[in-house]
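Topology and contacts: notes
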Amino acid sequence: MLAALVFFGRLNYLLFHTLTEFFTAVVACSIFVVAWNCRRFQTNGFLFLLGCISLSAAIVDLFHAMAFKGMGVFAAGGAPLATQLWIAGRYLQTGAFLVAPLYLRRTIPPRLTLISSIILTFIVLAVIFAGGIFPECYVEGVGVTPFKQASEFLFVFAYLVTLALLHRERDAFDPGVLRLLRMSIVMFALCEFAFSSYVDVSGYANMAGHLLKILGYYFLYRGVIEIGLTKPYDLLFRELKLKEEVIVAERNELWESRELLREIVEGTSDAIYVKDLHGRYQLINGAALRFVGKPVEAVLGRDDTVIFPPDEARVVMESDRSVITSGRAQTLNEVVTTAGGKQRAFLTTKGPLFDEKGNVTGLFGMARDITELKRIHEEIELLNTDLSARAVELEVLNSDLDAFNSSVSHDLRGPITNICGQCQVILELFPDKADPQVLDFVRGILDESWRMNDLINTLLDFSRLGRVEMKSEPVDLSCLALEIAALLASHSPGRNVRFSADKGLVATGDPGLLRIVMENLLGNAWKYTGKTADAYIRFGILEKDGRRTFYVRDNGAGFDMAKSGDLFAPFKRLHVSSEFEGVGIGLATVHRIITRHGGTIWAEGAVGQGATFYFML
């Protein structure tokens, strides 16, 4: 076609020009026809705006072709008028390409846009044909005016801006369509560049410009008309296609979610079901079917009267109506007869189902079998009742024990005090008159009586230990250890014991009870190093299993690890009284205090090699 046009142009330039302008006008009108008839399917205004303004430019270009020199359509026709119409048409065309990309993300009103473009066309034609308003673009004998040349360069710049806009919005186009649009714009830009340099309206530069215009419209035809008709999804419905892909992806995700939900519903051990407003089952999972012992076809579309005995079905359906009427979810206990005729208890949550208008369309239910839990709960309640009764009995026993302790304190201490007093009187009044052996016996009676008194006091303190109200506050064990060590040294001034304690060892607990712990542990270390020549005692801390562990270490008599199980038992001693005095209550007291603090205590040692007592709080 281009070769034929060049041939006709060499023979008759007027025929070449007329064919060129009519061809481009037909393509422009075709773009409008496609855009207008597809306006209902468009979700953006790009194609429709391009089509409407292309129609305006095509109308102006037809007037330009009819005003060309030699056509004889207009009396005032000729190069000046034709050039004005050409520049006006280009302003419309470049304006269309500049504005259209801005509407790739928005819609425009079709009828208003068409009417506006037609009005704009008539205004442009009126301004040109009125004369003296539109600037001159060509002067006979002189050539094109500066306004015309500046306009052509402005058009080139506008097309370059359009290319940038299309690149920015490239995701909105099919790659093939975008490539054709770019080629079309490049041809239009080259066309305007050719028209900026010609002198003769029928010269070679003018012919080249028209041929480039044909190429521009050809690529525009390929991108909009041909692809738009043969592959409408690539252009006209590009956004719809993208949305369809999104919908397909969402549908696949929805299907996967539905399958996942179905697997969850079927995999759970809870009964799950959905009912309509009439109580008929619309959905029921496998767990619910196992509970009722019926196949799914015997349940779907039916109500509870076919599943449960009449009285139970009535209760269940009444609770369903309550949920539907109130429109709120409810949690309740239900007892129904399941497969095999067994009654089982369920904790059921029921909630209403709503449509998009907020109307209740049915309900859902989730029921968990709590028969076993209910049985366990009842057993726990019985145990709690029994425990409460035992607590009352224990309280009575504790009261009796307190009374017994008071009795022991009063009834035993009195006679022992009398015995001790009488023994002291004998020793003071008859030191020379009595037989020396008798006096030794009296002294033995006095010592044992005081020992008995100490034992009674120890027993009373030990029995009260479990009922002492505990306080919790920081206690500086290092200062406490140094204080107790100094007190022990003052009671035995003749002994030389090396004592050391780590500084800043602070624990949280009851100050009084922790003092008893330290007194017993350090007192034991002091006592069992009594026969060691170079005795030492150490109080320190170390890490065991990530916890702070305090220890008291000595190099005294030690003990046999095989008998360590008796260390913290009351009245159990690993050394005889003749070797080391004591009643076997100290370590039992320490164990009870440490236990009350939520801690643990243990010991390591060897006979003749000392012992180490560890405790955590």
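First, a word on what this report is: a plain description of the structure on this page. (Residues numbered from 1 in each chain as written. Predicted model: local features only at pLDDT ≥ 70, side-chain atom pairs only at ≥ 80, totals over all residues. Heavy atoms only, no water.)

Now for the overall build of the chain. Across its full length, the chain carries 16 helices and 14 strands. Here the chain holds 617 residues, and the buried ones make up 40% of them. Of all intrachain contacts in the chain linking residues separated by at least 6 positions in sequence, the fraction that spans at least 24 positions is 64%. Surface accessibility of the chain: about 33,700 Å² in total, with carbon and sulfur atoms responsible for 60%. (Helix = DSSP H or I, 4+ residues; strand = E, 2+ residues; numbered from the N terminus. Buried < 20%, exposed > 50% of the residue type's maximum accessible area, 1.4 Å probe, protein only. Contact = heavy atoms within 4.5 Å. Areas by Shrake-Rupley, 256 points an atom, 1.4 Å probe, with all protein chains shown as cover.)

Turning our attention to the packing of aromatic side chains. Within this structure, the stated rule accounts for 23 aromatic pairs. Centroid distance Phe63 to Phe129: 6.0 Å. Interplanar angle 70°. Geometry classified as edge-to-face. You can see Phe63 sitting in helix 3 (residues 46–66) and its partner Phe129 sitting in helix 5 (residues 110–130), a full 66 residues away along the chain. Of the residues examined, Phe63 reaches a relative accessible area of 24% and is grouped as partly exposed. Clustering of aromatic rings is evident, with ring pairs tying together Phe97, Tyr159, Phe188 and Tyr217. Lying across the ring of Trp86, Arg90 places its NZ or CZ 4.1 Å from the centre. If you follow Lys544 out to its NZ or CZ, it ends over the ring of Tyr614, 5.4 Å from the centre. (Phe/Tyr/Trp six-rings, centres within 6.5 Å; stacked < 30°, edge-to-face > 60°. Lys NZ or Arg CZ within 6 Å of the ring centre and 35° of its normal.)

Backbone-to-backbone hydrogen bonds join strands into a sheet, with any given pair of strands oriented parallel or antiparallel. In spatial order, the strands read 4-3-7-6-5; together these five strands make up an open sheet with antiparallel pairing. Edge strands, defined here as strands with exactly one partner in the open sheet, are strand 4 (281–284) and strand 5 (330–337). Neighbour to neighbour, the strand axes of the sheet diverge by 25° on average, direction disregarded. Taken together, the eight bridges between strand 5 and strand 6 (residues 343–354) define a ladder with antiparallel strand orientation. Paired with Thr331 across the bridge in strand 6 is Thr349. Taken strand by strand, helix 11 (residues 310–326) contacts strand 3 (271–276), strand 5, strand 6 and strand 7 (360–369), and its axis lies near 165° from that of strand 5. (Pairing = 2+ DSSP bridges. Axes fitted to C-alpha atoms, helices over the stretch in contact; angles between N-to-C directions.)

With that out of the way, let us pick up the sheet that holds strand 11 (residues 536–544). Reading across from one edge, 9-11-12-14-13 is the order of the five strands in this open sheet, with mixed pairing throughout. Across the chains shown, the open sheet's two edge strands, defined by having one partner strand only, are strand 9 (498–501) and strand 13 (600–605). Strand-to-strand twist across the sheet, computed as the mean angle between neighbouring axes with direction ignored, equals 20°. Two strands pair when backbone bridges link them, and strand 11 and strand 12 (residues 547–554) are joined in this way by eight bridges, in the antiparallel orientation. Pairing of Leu542 across the sheet is with Thr549, part of strand 12.

Let us now look at the nonpolar core. Ranked by size, the top nonpolar core spans 65 residues in total, and within it Phe46, Phe173 and Leu181 carry the most contacts. Membership of the second largest hydrophobic core comes to 33 residues, among which are Leu513, Ile593, Ile594 and Ala603. (Core = buried A, V, L, I, M, F, W, Y, C linked by side-chain atoms within 4.5 Å.)

Quick look at the packing of helix 4 (residues 79–99) against helix 7 (residues 175–195) now. When two helices pack together, their arrangement is captured by the angle between the axes and the distance separating the axes. Running from amino to carboxyl end, helix 4 crosses helix 7 at an angle of 150°, the nearest separation of the two axes being 12 Å. One way to sum up the angle between helix 4 and helix 7 is to call them roughly antiparallel. Relative to helix 7, helix 4 is oriented so that their crossing is left-handed. Mapping the contact onto sequence places Trp86, Arg90, Gln93 and Phe97 in helix 4 and Ile185, Phe188, Cys191, Glu192 and Phe195 in helix 7. Residue classes in the contact of helix 4 with helix 7 are distributed as six nonpolar, one polar and two charged. (Parallel < 35°, antiparallel > 145°, perpendicular 65-115°, else oblique. Left-handed = near helix turned anticlockwise from the far one by under 90°. Nonpolar A, V, L, I, M, F, W, Y, C, P; charged D, E, K, R; others polar.)

Moving on, we come to the side chain of Ser319. Considering the arrangement of structural elements, one finds Ser319 in helix 11. When its relative accessible area of 10% is taken as the criterion, Ser319 is described as buried. A polar atom in the side chain of Ser319 sits 3.5 Å from the side chain of Glu334. Of note is the side chain of Ser319, whose polar atom sits 2.6 Å from the side chain of Lys350. Discounting residues that sit within four places of it in the chain, Ser319 has contacts with Leu332, Glu334 and Lys350. (Polar contact = N/O pair within 3.5 Å; in protein donor to acceptor, adjacent residues only side chain to side chain.)

Under the defined criterion, the tally for this structure stands at 22 salt bridges. A salt bridge links Arg90 to Asp61; the nearest nitrogen and oxygen atoms lie 2.8 Å apart. With a gap of 29 residues between them, Arg90 in helix 4 and Asp61 in helix 3 connect regions that are remote in the sequence. In this structure, Arg90 and Asp61 share a single accessibility class: buried. Taking the shortest distance from any N to any O, the salt bridge between Glu334 and Lys350 comes out at 3.0 Å. One end of the pair, Glu334, is in strand 5; the other, Lys350, is in strand 6, and 16 residues separate them in sequence. The exposure class assigned to Glu334 is buried, which follows from its relative accessible area of 11%. Three or more residues are tied together by salt bridges with common partners; here these are Glu21, Asp61, Arg90, Glu192 and Lys213. (Salt bridge = Lys/Arg side-chain N within 4 Å of Asp/Glu carboxyl O.)

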